[in-house]
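# Breakdown of the fold
If you want the building blocks of each chain, they are given just below.
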Protein chains: 2
Amino acid sequence: MDKKITIYDLAKALGVSAGTVSRSLNNHRSISDKTKQRVIAKANELGYQTNKFAVNLSTQKSNTIGVIVPKLNSIFMSDVLAGIEKTVNEAGYNLIISQSLEMMEKEKLNAKTLYNSGVDALLVSLAYDTNDFDHFAYYIRHNIPLIFLDRVHNLPNCSTIIINNKQAGFEATEHLIEQGCKNLLCISGNLKRNVYSERLMGFKEALAKHQMKFKKSNCLETELDPNDVPKVINYIKNQKQAIDGLFVASDTFAAHCIKALKKEHFRIPEDIKIIGFNNDPISELVTPPLSTINYPGYEMGVLAGQSVISQLNGSLDLQPANSITLRHQLIIRESTHI
Amino acid sequence: MDKKITIYDLAKALGVSAGTVSRSLNNHRSISDKTKQRVIAKANELGYQTNKFAVNLSTQKSNTIGVIVPKLNSIFMSDVLAGIEKTVNEAGYNLIISQSLEMMEKEKLNAKTLYNSGVDALLVSLAYDTNDFDHFAYYIRHNIPLIFLDRVHNLPNCSTIIINNKQAGFEATEHLIEQGCKNLLCISGNLKRNVYSERLMGFKEALAKHQMKFKKSNCLETELDPNDVPKVINYIKNQKQAIDGLFVASDTFAAHCIKALKKEHFRIPEDIKIIGFNNDPISELVTPPLSTINYPGYEMGVLAGQSVISQLNGSLDLQPANSITLRHQLIIRESTHI
DNA sequence: TTTTATTACGCAACCGATTGCGTAAAAAAA
DNA sequence: TTTTTTTACGCAATCGGTTGCGTAATAAAA
């Protein structure tokens with residue numbers, strides 16, 4: 001009953017050609033204002049809606065941007081996504097979001113699907129175990145903008161958006177040292193990922209600067225999963241020299257550690273000082289409030305969005321792959337400071 | 001250099017018709033196995049990739065599902081989205097996600113855009129201020145599955161996926177009463193939204209059941225924003241009869257309240273017992289751990305996903321609009337229990 | 001061997017826009 | 001008034017698949 005109406009219907013109803021209708025609707029200059037008005041009026045009257053499928057086919061563009069993230073449901077990632085969505089949406093693009101669930105195979109599949117879906121650009125934050133990058137070859141070969149964020153990899157002609165994890169790790173660690181910590185432990189995430197390995201580098205550098213030797217026992221690699229907490233607690237309790245400072249690569253995990261340590265009657269910050277990472281909402285709500293590094297997810301998303309849009313519009317400037325580094329910030333709260 | 005190759009290229013290379021190629025690739029029964037093999041082999045050899053734009057145009061389907069949520073970056077919503085994404089992705093659909101940012105106008109815009117983009121179905125969680133629903137009329141008229149979740153509205157032929165907020169509110173409140181609270185305060189979100197108004201109904205019902213009269217002062221409507229905390233604290237301090245039980249419509253906000261109340265030297269749970277809502281990760285990490293109602297976001301997403309998929313596949317059964325209600329669960333922790 | 005039923009594929013219309021090229025009509029210049 | 005330049009549109013090809021219908025070739029039945 002509610003037949004879809006096309007430009008041909010409009011053309012027939014107005015006694016003009018379909019081309020004229022199309023140009024009128026797109027405000028093409030070679031159509032007189034009078035005709036444009038007539039077409040637009042009739043379009044409204046009949047409730048015309050453009051068929052994106054046809055537009056896409058004929059222009060070979062989808063007005064759609066693909067995103068692949070490890071997991072949608074993390075505070076940080078959802079902030080990033082919110083920023084991306086807002087930005088690209090204002091520019092008239094839709095966002096197709098998919099999760100790799102930290103599996104390279106899924107990431108590959110998603111990359112392929114999105115390619116076939118004809119996304120105009122792709123934003124990626126890599127899975128833990130991604131170690132080859134052939135699945136991005138299509139994009140590069142066909143000049144489809146490809147941007148990495150947070151969990152990145154350097155590929156020719158691809159922008160990356162990151163924060164300076166090494167520097168942030170350095171500052172967090174140095175802060176602990178300045179608060180008087182003598183024996184630090186870095187509780188890291190998977191070291192295959194740049195974000196965590198770089199933070200560890202900063203950690204080491206801070207130790208070095210303050211004439212503290214880094215030993216293997218100063219770092220514990222975990223999955224940052226609540227289930228790992230007992231392992232961490234045992235590790236801490238079994239060190240011959242008592243650990244008095246903790247640099248944890250995630251606020252939520254740090255919060256879990258705080259809870260478990262308090263149960264073991266560690267006093268925070270008196271016995272052991274703790275600093276987290278990310279500035280999740282949780283960090284200011286635990287007791288004691290958690291010192292941390294502010295890691296601006298939303299801003300990162302906005303920036304990523306702006307970056308794609310500008311690449312998509314300024315099609316001419318084959319700008320050399322640029323890397324944007326966001327500003328982070330040390331936030332001192334009571335978990336490291338009496 | 002890297003020319004896109006089409007079914008016509010394959011057809012020419014193999015000396016068959018384009019139709020045969022198409023049918024071979026789609027494993028149509030009217031093509032012999034031998035020919036299918038040849039086509040597939042050649043397709044791989046030449047690196048053929050199907051052009052979704054063309055497929056979409058000719059089938060008038062996009063294999064894409066639209067989602068409109070108020071905000072991407074909330075714990076609960078990102079859980080929901082993660083569940084949806086996983087489910088529909090396994091069924092071969094892509095997900096276009098957009099945010100209304102709690103504004104009906106944006107919601108309308110998104111609904112229209114997604115319609116024009118040709119989504120095969122739409123999942124919606126409503127904005128705060130949505131009070132008319134014309135923007136969903138297209139979907140209903142054109143028989144595009146439309147499913148509401150969490151923040152819902154009853155429209156003909158639309159499924160809804162919810163939890164029993166009223167019952168949950170009732171249980172949370174009754175729990176406080178059973179713990180000995182005499183003067184309760186419900187800190188609600190915007191009462192125009194069903195989720196909050198229903199919880200309040202449950203709150204009232206529990207009072208009634210226990211012969212406690214509900215007065216207007218027993219409910220405080222807020223935006224559940226951290227900025228509202230001082231208002232809440234003042235409100236509590238200024239009651240002539242001391243409040244000894246708090247039912248807060250969000251865990252994060254409850255956590256903020258706990259922090260502020262502790263600063264005011266209220267003892268929790270001795271002076272005042274608090275129960276939240278959602279079972280956010282934060283709830284078990286604050287001090288004291290927060291009693292709450294488990295509100296299964298991820299499961300809700302999965303269910304929503306399954307619901308769309310089944311509607312999309314079983315195209316025949318014009319199933320009467322059905323409403324799925326998920327099971328919630330009272331979780332008792334130390335904020336209500338000594 | 002002839003007739004009937006299957007199988008395997010080709011033909012061409014169709015989905016609904018976009019766009020380069022050509023031209024009649026109107027406006028400007030000669 | 002005639003010629004030249006603009007303006008405003010129409011025509012038809014194109015994007016790359018899908019699919020109903022028709023038929024030659026092969027297999028099964030008579």
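Please read these numbers as outputs of a predicted model, since none were measured by experiment.

This paragraph deals with the interface of chain A and chain B. Each side of the interface is counted separately: chain A has 55 residues, and chain B has 55 residues. Together, the buried faces of chain A and chain B total about 4,600 Å²; carbon and sulfur atoms form 56% of this surface. Sorting the residues of chain A by area buried against chain B places A:Gln49, A:Phe53 and A:Leu285 first, and these three jointly supply 17% of that buried surface. Joining chain A to chain B, the criterion identifies zero salt bridges. The interface formed by chain A and chain B contains 18 residue pairs in polar contact (both at pLDDT 80 or more). Here the element with the most residues in the side of chain A that touches chain B is helix α5 (residues 75–90) of chain A; it accounts for eight residues. Residue composition of the side of chain A that touches chain B, grouped by class: 20 nonpolar, 22 polar and 13 charged.

A separate point is the UniProt feature "domain: HTH lacI-type" (unreviewed entry) in chain A. Those residues carrying the UniProt feature "domain: HTH lacI-type" (unreviewed entry) are residues 5–59 of chain A in this numbering. Between the end C-alpha atoms of residues 5–59 of chain A there is a gap of 20 Å, over a span that is 69% helix and 0% strand.

All names here are of chain A. Along the chain, Asp244 falls in the loop between α10 (229–237) and β8 (245–248). The side chain of Asp244 is buried and forms no salt bridge, while Lys182, the nearest opposite charge, is found at 7.2 Å. Of note is the side chain of Asp244, whose polar atom sits 2.7 Å from the backbone nitrogen of Lys182. At 2.8 Å, the side chain of Asp244 and the backbone nitrogen of Asn183 are in polar contact. Excluding anything up to four places from it in sequence, Asp244 contacts Gly180, Cys181, Lys182, Asn183, Leu184, Asp271, Ile272 and Lys273.

Looking now at unusual backbone geometry. Note that the residue after B:Ile268, namely B:Pro269, is joined by a cis bond; omega there is 10°. At A:Asn157, a position not held by glycine, the phi torsion is positive, near 65°. Along the chain, the position of A:Asn157 falls in the loop between β4 (146–149) and β5 (159–163). In this model, B:Asp150 sits at a positive phi of 65°, which is unusual for a non-glycine residue. For B:Asp150, the position within the fold is in the loop between β4 (146–149) and β5 (159–163).

Criteria and cut-off values
- Residues numbered from 1 in each chain as written.
- Chains lettered and ligands numbered in written order.
- Predicted model: local features only at pLDDT ≥ 70, side-chain atom pairs only at ≥ 80, totals over all residues.
- Heavy atoms only, no water.
- Contact = heavy atoms within 4.5 Å.
- Buried area = accessible area lost by both parts, 1.4 Å probe.
- Salt bridge = Lys/Arg side-chain N within 4 Å of Asp/Glu carboxyl O.
- Polar contact = N/O pair within 3.5 Å; in protein donor to acceptor, adjacent residues only side chain to side chain.
- Helix = DSSP H or I, 4+ residues; strand = E, 2+ residues; numbered from the N terminus.
- Nonpolar A, V, L, I, M, F, W, Y, C, P; charged D, E, K, R; others polar.
- UniProt positions renumbered as here; feature names shortened; annotations may be inferred.
- Buried < 20%, exposed > 50% of the residue type's maximum accessible area, 1.4 Å probe, protein only.
- Lys, Arg positive; Asp, Glu negative; His and termini not counted.

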